[in-house]
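# Geometric and topological summary
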Amino acid sequence: MRHAWVMFLSMWLASGAASGDDGADIRSVIGNQIAAFEADDLATAFGYASSTIRGIFGSPENFGRMVAGGYPMIRRPDAVSYLGLRVEEGRPVQRMGFRDAAGAIHLFDYLMVDGPDGWRIDGVYPVPETGAGV
């Protein structure tokens, strides 16, 4: 059921005109990686990471362990939201919201890089809480 929700949300948001073709492609890459995690397809999830990230972790299994241990809300989200795409220092950053199984909301910025195989995820960074609400 979770997989269907993520895919529906990904397709619905990709159909909007938030940031043109790059925005739709970026949302698709992130959504596809999340769907791969939910399907326990670590090789596919790893493939959506940039070559830099793949070089750091070396294998889908190492990458999967890092995500499961450090980012369980991304590995097994209860809900996912695409909150806005912006450019920082010439590179796109997609803000994401994840609701975990306990109902807590977690915000992350996905740093994207365009390469020979299209957009890839070059880093995922937690957004500090500001106390302003979500």
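A brief report on the enclosed structure follows. (Residues numbered from 1 in each chain as written. Predicted model: local features only at pLDDT ≥ 70, side-chain atom pairs only at ≥ 80, totals over all residues. Heavy atoms only, no water.)

### Quick look at the pattern of salt bridges
- Taken as a whole, this structure holds seven salt bridges when the rule is applied.
- In this structure, D40 and R75 form a salt bridge, with 3.0 Å as the shortest nitrogen-oxygen distance. Here R75 lies in helix 6 (residues 72–75) and D40 lies in the loop between helix 2 (20–38) and helix 3 (42–47), a separation of 35 residues in the sequence.
- D40 gets classed as partly exposed once you look at its relative accessible area, which sits at 46%.
- Take R75: its relative accessible area is 12%, and that puts it in the buried class.
- The partner of R76 in a salt bridge is D40, with the nearest N and O atoms 2.4 Å apart. One end of the pair, R76, is in the loop between helix 6 and strand 1 (79–88); the other, D40, is in the loop between helix 2 and helix 3, and 36 residues separate them in sequence.
- R76 gets classed as partly exposed once you look at its relative accessible area, which sits at 33%.
- Linked by salt bridges that have partners in common, R86, E88, R95 and D109 make up one network. (Salt bridge = Lys/Arg side-chain N within 4 Å of Asp/Glu carboxyl O. Helix = DSSP H or I, 4+ residues; strand = E, 2+ residues; numbered from the N terminus. Buried < 20%, exposed > 50% of the residue type's maximum accessible area, 1.4 Å probe, protein only.)

In short, shape yes, function no, at least from these values alone.
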